[in-house]
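# What the coordinates show
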Amino acid sequence: MPDAQPDLPWLGRPHTVSAPRRRSPAAVIGVCLGAVAVLVLGLVAIVALNRTDTPLANANFRDTPSSQDVPSQLPPGGAGAPASASAPSSELPTPSPTGPQKVLKLADHPILQDPNAGLQNRVCTLPAWQSTQAGAEAFFTAASKCLDAAWGPFLEAYHLPFTPPALHFPTGASFETECGTIQVGIATAAYYCENNLYVPFRGLQTDQYGNNPGVYLALFAHEYGHHVQEVAGLMDAAWQKIYEAGQNSPAGLEMSRRKELQAQCFSGMFLGAHVDQGGTITRDMYNKAWNDQETRGDNTSRSHDHGTNAHYASWWRAGATSNRIADCNTFAAPSSEVS
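Residues numbered from 1 in each chain as written. Predicted model: local features only at pLDDT ≥ 70, side-chain atom pairs only at ≥ 80, totals over all residues. Heavy atoms only, no water.

Looking now at the overall build of the chain. A count of helical and extended segments in the chain gives nine helices and five strands. From first element to last, N terminus to C terminus, the chain shows the α and β order α-α-β-β-β-β-β-α-α-α-α-α-α-α. Taking all 339 residues of the chain together, the buried fraction comes to 40%. Counted over contacts in the chain with a minimum sequence separation of 6, partners at least 24 positions apart contribute 71%. (Helix = DSSP H or I, 4+ residues; strand = E, 2+ residues; numbered from the N terminus. Buried < 20%, exposed > 50% of the residue type's maximum accessible area, 1.4 Å probe, protein only. Contact = heavy atoms within 4.5 Å.)

Given below as structure tokens:
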């Protein structure tokens, strides 16, 4: 349930009321006229106050963050940075950034602090799955709209710069991204890079998974989870740590696993918030996605950058069962839970 509106503060200070004194008729008339004038002025003031553009809490969003949860943005140089003594007095100051900004934090990121914050339960209507290029494009395009509607209001409530990712459906054996040339294969059923989400139909392995839209939806929601990290600033903060440690170092690989397992948890949150809500995300789709998570991870891929199959499943299920983003704080988890 959304937080209740706080009581409005009293305007002005309390005053003491003394016993009334006896007044003459003329004085009484004067007092009455004065009272009428005060009432008129009061009504005008009330109307003026009610015309302010103070936004109301979003009634459709559960657990909107309080002002204490949202960090204020500081101008370059930080608060209290001294001005240059050599700068001429006529020089205009550098404008500070305005509007929503990413927050480059990990375990202490604002979106991960509220234990009650989660995605709103919503209806998501998807077309029936068809194992064709056109069918997959229609399915994932509709799914992206549901993901936008789920994550957009959540991120915007924390004053983060949300924009939907651009969708691409490559048809060749490889495709170009800002992250380089990507070869289509078992490991590239979907791919995310710099606000772009790629879904090559050849990589979906429809011959193996067949008519199981829950499996494809969870996979797609995982890659969209990386977009959530990108918009929030978690992605940049994680890559800073990976580059500092070295991508193939033990610390770098662990940070990569934390990043991937959080995307798993975000995927679970999305399906858990939308199953059985009257749309087309059914209990069967949810159950198929639940069971499929155990087949994915480093035990299957023989890598060390995504997490074991058991952890791949456990983090997805944590998000799916609780729908609480604080339960997706992989950056605060002990190393034993992100191995």
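Looking now at helix α6 (residues 250-274). Relative to the 36 Å expected for 25 residues at 1.5 Å per residue, α6 spans 37 Å between its end C-alpha atoms, a close match to the ideal helical length. Two residues or fewer past α6, D276 is found with a positive phi of approximately 60°. (Expected span 1.5 Å × (residues − 1).)

Let us now look at helix α2 (residues 133-157). An ideal rise of 1.5 Å per residue puts 36 Å on 25 residues; α2 measures up with 36 Å between its terminal C-alpha atoms. Taken as a whole, α2 carries its principal kink of about 25° at W151; the proline P153 stands between one and four residues after it. Trailing α2 by a residue or two, H159 shows a phi angle of about 60°, which is positive. (Bend = angle between axes of the 7 residues up to and from the residue.)

With that out of the way, let us pick up the side chain of E230. Along the polypeptide, E230 turns up in helix α4 (residues 213-232). By relative accessible area, which is 5% here, E230 ends up buried. Residues within four places of E230 in sequence aside, it is in contact with K102, Y192, E194, N195, M235 and D236.

Quick look at the state of the cysteines now. Applying the stated criterion to the full structure yields three disulfides. The disulfide partner of C124 is C146, and the gap between their sulfur atoms is 2.2 Å. Measuring handedness by torsion sign, the sulfur bridge of C124 and C146 sits at about 95° and is right-handed. Of this pair, C124 sits in the loop between α1 (25-50) and α2 while C146 sits in helix α2, and the two are 22 residues apart along the sequence. The two residues C124 and C146 agree in class, both being buried. (Disulfide = S-S within 2.5 Å.)

Judged by nonpolar contacts, the single largest core of 71 residues is most densely connected at F140, W151, L204 and F270. Of all the secondary-structure elements, those providing two or more residues to this core are α2, α4, α5 (234-245), α6, α7 (283-292) and α9 (309-322). (Core = buried A, V, L, I, M, F, W, Y, C linked by side-chain atoms within 4.5 Å.)

This part is about the packing of α7 against α9. Interhelical geometry of α7 versus α9 gives an angle of 150° and a closest axis separation of 9 Å. Classed by the angle they form, the pair α7 and α9 counts as roughly antiparallel. Considering only the axes of α7 and α9, their crossing is left-handed. Together, Y286, A289, W290 and N291 of α7 and W316, R317, A320 and T321 of α9 make up the contact between the two elements. For the contact of α7 with α9, a count of residues per class yields five nonpolar, two polar and one charged. (Axes fitted to C-alpha atoms, helices over the stretch in contact; angles between N-to-C directions. Parallel < 35°, antiparallel > 145°, perpendicular 65-115°, else oblique. Left-handed = near helix turned anticlockwise from the far one by under 90°. Nonpolar A, V, L, I, M, F, W, Y, C, P; charged D, E, K, R; others polar.)

It is worth spelling out the layout of surface pockets at this point. A volume near 1400 Å³ is recorded for the largest pocket. As for the largest pocket, its lining consists of 49 residues, and the residues nearest its centre are A187, E223, E260, D305 and H306. Counting only elements with at least two residues in the lining of the largest pocket, the list comes to β4 (191-193), α3 (206-209), α4, α5, α6 and α8 (298-301). Looking at the lining of the largest pocket element by element, the count peaks at eight residues for α4. For the lining of the largest pocket, the residue count by class is 21 nonpolar, 18 polar and 10 charged. (1 Å grid on protein atoms, 1.4 Å probe; cavity = no way out; pocket = protein on both sides within 12 Å on 5 of 7 lines; lining within 4 Å. Points joined across faces, edges and corners; volume = space filled by probe spheres on them.)

Further remarks concern the sheet that holds strand β5 (residues 196-198). Spatial strand order, β1-β5-β4: three strands in an open sheet with mixed pairing. Edge positions in the sheet fall to β1 (166-168) and β4, since each has one partner strand and no second. This sheet shows a mean twist of 20° between the axes of neighbouring strands, independent of strand direction. Looking at chain direction, β1 and β5 are connected through three bridges and run parallel. Bridge assignment links A166 to a residue of β5, and that residue is N196. (Pairing = 2+ DSSP bridges.)

All chains considered together, the criterion is met by eight salt bridges. D284 is the partner of K288 in a salt bridge, and the nearest nitrogen-oxygen pair spans 3.5 Å. Of this pair, K288 and D284 both sit in helix α7, separated by four residues, roughly a single helical turn. Where R296 meets D292, a salt bridge forms, and the shortest distance between an N and an O atom there is 2.6 Å. Put simply, K102, E230 and D236 are held in one network by salt bridges that share partners. (Salt bridge = Lys/Arg side-chain N within 4 Å of Asp/Glu carboxyl O.)

This part is about the packing of aromatic side chains. Each aromatic ring pair is characterised by the separation of its centres together with the angle its planes make. By the definition in use, this model includes 16 aromatic pairs. With centroids separated by 5.1 Å and ring planes inclined at 85°, the aromatic side chains of W129 and F139 adopt a geometry described as edge-to-face. Of the two residues, W129 is situated in the loop between α1 and α2 and F139 in helix α2; the sequence distance between them amounts to 10 residues. There is no split in this pair, since W129 and F139 are both buried. Where W239 meets Y243, the ring centres are 5.2 Å apart and the plane angle is 35°; that geometry is what we call tilted. Here W239 pairs with Y243, and both are found in helix α5, just four residues apart, close to one helical turn. The exposed category is assigned to Y243, whose relative accessible area is 57%. The rings of W129, F139, F140, Y209, Y216 and F220 are connected pair by pair, giving a single aromatic cluster. (Phe/Tyr/Trp six-rings, centres within 6.5 Å; stacked < 30°, edge-to-face > 60°.)

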